[in-house]
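# Coordinates in review
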There are 2 protein chains.
Amino acid sequence: MTSAEAADMPDDGALRTPDRLRRRASRLLSRLTMRSDRLVNEGLARADARKWHYAVLASLEEYGPGSQAELSRRSGIYRSDMVGVLNELAERDLVERAPDPDDRRRNIITISDRGRRHLRLLDHVLDDLHEELLAPLDPAERDEFVGLLTRLLDHHTRAS
Amino acid sequence: MTSAEAADMPDDGALRTPDRLRRRASRLLSRLTMRSDRLVNEGLARADARKWHYAVLASLEEYGPGSQAELSRRSGIYRSDMVGVLNELAERDLVERAPDPDDRRRNIITISDRGRRHLRLLDHVLDDLHEELLAPLDPAERDEFVGLLTRLLDHHTRAS
DNA sequence: CCGTTGCGTTAGTGGGACTAACGATGTACG
DNA sequence: CGTACATCGTTAGTCCCACTAACGCAACGG
């Protein structure tokens, strides 16, 4: 259940939302994700980045250069959207795009030194943002939370 | 990581997404919510409904008739989008829209008997969908999950 | 009576997920 | 060999959702 509770929509005690609504896991997920996405997007924007940048750079550093299609599969970004992301990364010299001599259909994407440095910065930014996101939970609860999320997600990605 | 390794990756498990990516709570949340939303939307669509229908009907049954603006506040639907939702509900005779004699700016929305029946159906549909969503978790874990989500969401709705 | 505030409504923005289709390749097979 | 099929990068466009802007109308308070 999605819905917004924006700045101009106060939710003071008098007008409560129904219980059946408030307790649904799907709704809690949607709403929390909205907050979380906003938090992360804004945090990354302050570092002149977007979450895809992080996904691609991390993928490149961890598995080495690859074609756009490959990156797309690894990072979960649709290959249609990959173009734009790589343009942005290339603009910032975080990444280099070169044609593959062995297969002229492909571009081979390589992370640059600047890219590596930027990735390290983003890692730090994300750590801080997650500290904020998970603030109310103690370390054990955070692990538990991540564990539960992982199990649920795994279940639903296999089943699909 | 050599490029050779990446270059001739078949399609089985070898194509992994980086760990730092996979473990981030924000990413887990986003992806799980995508699945969850899809599940719920499709489930409700099969019952000729949308999540907002549920939100409005539940709000009406729990707190009685109200103006559109009031419903908007309770359910978290933007009042801009409320019009369309109420049109859909009125089309289906689940709800009645009548002008408020005491304040001619307002419409007073009332749930109909059909609406009540429909709400009960949707409750059941949602129960089933949540059973599917939370399938991998035992009852205690489901409570824990909902508890964690609630705490996080509360924290971020107050803080905002 | 007038300014303010709240209401219902229409229109539109911006972003994210996802699809369709294309040209230019590569690969497999009869 | 040639032809059918698959893959890659790319463009365009769809759909849905959260959210904003603005308008006209009506009520309320001074």
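Attention here is on the structure that accompanies the text. Note that the coordinates shown come from a computational prediction; the quantities given were computed from them, not determined experimentally. (Residues numbered from 1 in each chain as written. Chains lettered and ligands numbered in written order. Predicted model: local features only at pLDDT ≥ 70, side-chain atom pairs only at ≥ 80, totals over all residues. Heavy atoms only, no water.)

## Quick look at the protein's contact with DNA strand C
Every one of the 22 residues lining DNA strand C counts as a neighbour, but Trp52 and Arg104 of chain A together with Arg38, Gln68 and Ala69 of chain B are closest to it. Atoms of DNA strand C within 4 Å of the protein belong to the sugar or the phosphate in 73% of instances, the rest to bases. Arg104 of chain A is positioned with one of its backbone polar atoms (N or O) 2.6 Å from a phosphate oxygen of DNA strand C. One of the backbone nitrogen or oxygen atoms of Ala69 of chain B is found 2.8 Å away from a phosphate oxygen of DNA strand C. Elements supplying a minimum of two residues to the surface near DNA strand C: α5 (79-91) of chain A together with α3 (25-46), α5 (68-75) and α6 (79-91) of chain B. Grouping the amino acids of the surface near DNA strand C by side-chain chemistry returns five nonpolar, five polar and twelve charged. (Near = heavy atom within 4 Å. Polar contact = N/O pair within 3.5 Å; in protein donor to acceptor, adjacent residues only side chain to side chain. Helix = DSSP H or I, 4+ residues; strand = E, 2+ residues; numbered from the N terminus. Nonpolar A, V, L, I, M, F, W, Y, C, P; charged D, E, K, R; others polar.)

## Regarding a negative patch on the surface
Side chains of Asp143 and Glu144 of chain A together with Asp143 and Glu144 of chain B sit close together on the surface and give a patch of like negative charge. Listed by contribution, the elements that provide at least two residues to the negative patch are α7 (139-159) of chain A together with α8 (139-159) of chain B. Since its relative accessible area comes to 35%, Glu144 of chain B is described here as partly exposed. (Patch = residues over 30% accessible without salt bridge, like charges linked within 9 Å, V, L, I, M, F, W, Y side chains within 5 Å. Areas by Shrake-Rupley, 256 points an atom, 1.4 Å probe, with all protein chains shown as cover. Salt bridge = Lys/Arg side-chain N within 4 Å of Asp/Glu carboxyl O. Lys, Arg positive; Asp, Glu negative; His and termini not counted. Charge placed at Lys NZ, Arg CZ, Asp CG, Glu CD. Buried < 20%, exposed > 50% of the residue type's maximum accessible area, 1.4 Å probe, protein only.)

## Let's talk about the relation of the copies chain B and chain A
Taken as rigid bodies, chain B and chain A are interconverted by a rotation of 179° and an axial shift of 0.1 Å, the fit giving an RMSD of 0.2 Å. What the rotation and shift describe, once combined, is the action of a two-fold rotation axis. The share of interface residues of chain B whose copies in chain A are also at the interface is 90%, consistent with both copies meeting through the same surface. (Least-squares fit on C-alpha atoms with pLDDT ≥ 70 in both. Contact = heavy atoms within 4.5 Å.)

## Considerations on the sheet that holds strand β1 (residues 66-67) of chain B
Residues and elements named next belong to chain B. As summarised here, the arrangement of the three strands in space is β1-β3-β2, forming an open sheet in which the pairing is antiparallel. At either end of the open sheet lies a strand with only one pairing partner, and these are β1 and β2 (95-99). Across five bridges, the pairing between β2 and strand β3 (residues 107-111) is antiparallel. Directly across from Arg97, in β3, lies its bridge partner Ile109. (Pairing = 2+ DSSP bridges.)

## Some details on the interface of chain B and chain A
Each partner contributes to the interface: chain B provides 70 residues, whereas chain A provides 70 residues. Across the chain B/chain A interface, buried area totals approximately 6,800 Å², and carbon plus sulfur atoms make up 63% of it. Counting across the chain B and chain A interface gives twelve salt bridges. For Glu61 of chain B, the salt bridge identified is with Arg20 of chain A, shortest N-O distance 3.5 Å. (Buried area = accessible area lost by both parts, 1.4 Å probe.)

## Quick look at the sheet that holds strand β1 (residues 66-67) of chain A
Spatially, the three strands line up as an open sheet ordered β1-β3-β2 (chain A), and their pairing is antiparallel. Either end of the sheet is taken by a strand with one partner, and the two such strands are β1 and β2 (95-99) of chain A.

## Here we look at the side chain of Ser26 of chain B
Turning to its location among the elements, Ser26 of chain B is positioned in helix α3. Ignoring anything within four residues of it in the chain, the contact list for Ser26 of chain B reads Ser36, Val40, His130 and Leu133 of chain A.

## Some thoughts on the packing of aromatic side chains
Pairs of aromatic rings are described using the distance from one ring centre to the other and the angle between the two planes. Going through the model one piece at a time under the given rule, you end up with one aromatic pair over all chains. Both rings, one in Phe145 of chain A and one in Phe145 of chain B, keep their centres 6.4 Å apart while their planes meet at 25°; by these two values the pair is stacked. Within this pair, whereas Phe145 of chain A is found in helix α7, its partner Phe145 of chain B is found in helix α8, the two belonging to separate chains. Residue Phe145 of chain B is classed as buried on the basis of its relative accessible area of 0%. (Phe/Tyr/Trp six-rings, centres within 6.5 Å; stacked < 30°, edge-to-face > 60°.)

## Considering the environment of Thr150 of chain B
Along the chain, Thr150 of chain B falls in helix α8. At 2.7 Å, the side chain of Thr150 of chain B and the backbone oxygen of Val146 of chain B are in polar contact.

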